[in-house]
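Single-letter residue listing:
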Amino acid sequence: MIAVYSLFFFLFISSVYSAVTISVSPQTLNRSGDTVVIKWSGVESPSDLDWLGIYSPPESPHDHFIGYKFLSDSPNWKSGSGSISLPLTNFRSDYSFRIFRWTQSEINPKHNDHDHNPLPGTRHLLAESNRLTFRSAINRPEQIHLSYTDTVDEMRVMFVTGDGEERLARYGEVKERLDNIVAARGIRYEREHMCHAPANSTVGWRDPGWTFDAVMKNLKEGVKYYYQVGSDSKGWSEIHSFVSRNENSEETLAFMFGDMGCSTPYRTFIRGENESLSTVKWILRDIEALGGDKAAIVSHIGDISYARGYSWIWDEFFAQIEPIASKVPYHVCIGNHEYDWPMQPWKPDWAAYVYGKDSGGECGVPYSVKFNMPGNSSEATGMVQGPQSRNLYYSYDMGSVHFVYISTETDFLKGGKQYSFLKSDLESVNRSKTPFVVVQGHRPMYTTSTKVRDAAIRQRMIEHLEPLFVKNNVTIALWGHVHRYERFCPISNNTCGQRWQGNPVHLVIGMAGKDTQPIWEPRPNHPDVPIFPQPVRSMYRGGEFGYTRLVANKERLTLSYVGNHDGEVHDVVEILASGEVISGSDDGKDSNFGSGSEFSVLWYIEGASVMVLGVILGYFIGFFSRRKKESGVGSSNGRWIPVKNEET
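What comes next concerns the included structure. (Residues numbered from 1 in each chain as written. Predicted model: local features only at pLDDT ≥ 70, side-chain atom pairs only at ≥ 80, totals over all residues. Heavy atoms only, no water.)

1. Structural notes on the packing of aromatic side chains
(1) Moving on: A full pass over the atoms with the stated rule returns 38 aromatic pairs.
(2) Moving on: Taking the centre distance of 5.7 Å and the plane angle of 55° together, the rings of Tyr 227 and Phe 242 count as tilted. Here the residue Tyr 227 occupies a position in strand E13 (residues 224-231), and Phe 242 occupies one in strand E15 (residues 240-243), the gap between them amounting to 15 residues. Comparing Tyr 227 with Phe 242, the two get one shared label, buried.
(3) Moving on: For the pair Trp 314 and Phe 318, a centre-to-centre distance of 6.1 Å together with 25° between the ring planes defines the contact as stacked. In this pair, Trp 314 and Phe 318 are both assigned in helix H3 (residues 312-325), 4 residues apart and thus about one turn of the helix distant. Per residue, the accessibility class of Trp 314 equals that of Phe 318, and both read buried.
(4) Moving on: The structure contains a cluster of three or more aromatic residues connected by ring pairs, namely Trp 51, Phe 65, Tyr 68, Phe 70, Phe 100, Phe 269, Tyr 310 and Trp 312.
(5) Moving on: Across from the ring centre of Trp 236, 3.6 Å away, lies the NZ or CZ of Arg 170, which sits over that ring. (Phe/Tyr/Trp six-rings, centres within 6.5 Å; stacked < 30°, edge-to-face > 60°. Helix = DSSP H or I, 4+ residues; strand = E, 2+ residues; numbered from the N terminus. Buried < 20%, exposed > 50% of the residue type's maximum accessible area, 1.4 Å probe, protein only. Lys NZ or Arg CZ within 6 Å of the ring centre and 35° of its normal.)

2. Let's talk about the nonpolar core
(1) Moving on: Of all hydrophobic cores here, the largest spans 127 residues; its most connected members are Phe 97, Phe 317, Tyr 330, Phe 371, Phe 403 and Leu 550.
(2) Moving on: The dominant element in this core, judged by the number of residues it contributes, is H3, at 8 residues.
(3) Moving on: Here this core spans two domains, and each of domain 1 (21-134) and domain 2 (142-517 + 530-584) adds at least three residues to it.
(4) Moving on: The residues touching Tyr 330, leaving out its near neighbours within four places in the chain, are Leu 146, Ser 147, Phe 257, Met 260, Val 298, His 300, Phe 317, Ile 321, Ile 324, Ala 325, Phe 371 and Met 373. (Core = buried A, V, L, I, M, F, W, Y, C linked by side-chain atoms within 4.5 Å. Domains from an automatic or database assignment. Contact = heavy atoms within 4.5 Å.)

3. Observations concerning the pairing of strand E18 (residues 330-333)
(1) Moving on: Covered by surrounding structure in E18 are Tyr 330 and Val 332 together with His 331 and Cys 333, the residues of both alternating faces.
(2) Moving on: Two elements, strand E17 (residues 297-301) and E18, share 4 bridges in a ladder whose sense is parallel. Paired with Val 298 across the bridge in E18 is Tyr 330.
(3) Moving on: Once you follow E17 into H3 and on to E18, the crossover reads as right-handed. (Pairing = 2+ DSSP bridges. Right-handed = clockwise from strand over helix to strand, strands pointing away.)

4. What to know about helix H6 (residues 417-427)
(1) Moving on: For H6, the full list of buried residues reads Gln 418, Tyr 419, Leu 422, Asp 425 and Leu 426. Across the axial projection of H6, the buried residues extend over an arc of 135°, all falling on one side.
(2) Moving on: At its buried positions, H6 is contacted by strand E21 (394-398), strand E22 (401-405), strand E23 (436-441), helix H7 (455-464) and helix H8 (466-471). (Arc of directions from axis to C-beta.)

Geometry only, nothing functional implied.
Structure follows, in structure tokens:
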């Protein structure tokens, strides 16, 4: 009887397969972001479990898909025909698409994605498309991103191509005359450099291409330059522009956040961070409002792409940020999802439950190759063949601010290399030139989220790092890792102070995209407070996705929290060089708004009075939206869910 049933099912599937057709249009794409339309017909007795697999390279095994979409995503899928449009990223290889039938009885509860949702089965192939190609575009430069070097009159540009043949960068002050030419250095990493699965498995690994690195030199201060990268034989990128650093300028403009990740137009083995699209959209708005003649930077403080061993997610990430990163320097520091793995070299006994396998086996390799930050910090990965981990700690000046980046994933204790760097760096800051010092790292020294796993590292940070911050008058400490926004009072040793000298203002800004949220620490002795009962040291907590904007001159530094749902300011803190800290959220507005200063004009080009109203409205909208969101924590209907330890 079983044999008869099996034969019948085989014949049924075979008949369905023979009737199904699939086509793609166009069959050639020119660049990342171009859209393909996949059409199908002839699917008999369609099921909401029928699915479309996306493959690159095309010869990948059935279960090695890049991603998938259910046919039910097409409005008329029940007819057996339909279509799906997908913007595709150039992975430097061709694509193909396959349709599968998947039944309820074949759902395997042990074969899950990162969120414990069952991955679709590949037993019954119904149809397979022809190849889709990027052709010559495979070797054109993409994923362009800028960064500062240790020299003020330089700008670094990095990009990715399909081969390692010679590439150049050419640049100049006139778009039609890019007369300055420099060679780019190409490097790559291999599968054997990865330290664990899925990064070194056939499922997670895809060829990462070649990463090229060129330095544009002898730049005039504060001047707009045009540039492009590539070669005559393999093709050039579009012409982009940036504004060079100005050592004599007091202006500082920065966009700062952590834990963004990226969105994908398909389901895959890990969750895509859809809110990251809004973060990029609003930051791009702000950059374009500067008019192309003001220098600015981006700081992304850890948990960069959330690839976690699935290498093509890095491609998706860089394609998503290129509109920003090709215009302003994009600076990063390392997070647990770039670096952590069970055999990492520095893992003291107290950190046994702190540093896990959050990188998905990448152990810092893609991060270290795809970025090149100032300084020369590095640590061994522990892999004999792998490149060293780089971009761990460094600093630079911009305008009136001295920016410092540190690693919370490698040794930061007193006596180590990083501690020595930090001590020397903070002690040598020229406060007459840069009165404000901003330190950035991934895991927070202060947070009121209930994250027991990180308690040990917070204790060591307060023991080893905080005395350096206090002694050297660090102005602001910015952290990620917790996927919400939180601002503290000027604080040291868990005690609020009146001025920022000796009491840095700590902020957690890990709200740029990652959609798992922690539960806040309650304040039991104030149960009557209507929204967010919280400790006195926590001045403002928000569940809104977004980013922060930093604007400074030598007299004041203003940090604003911009929410993604409306692009408006929801919290403001103003820090004066004299020591005063003004909490803008106390009355819903920033005292700098409406002051008529050029910094206000830079961000709020429609007029100060309009923006004061916008900030007030934004605050109250955020006030009520936060109450609504908080009430949903832990419920099936709530948008915010408690974060799992391994997902931070």
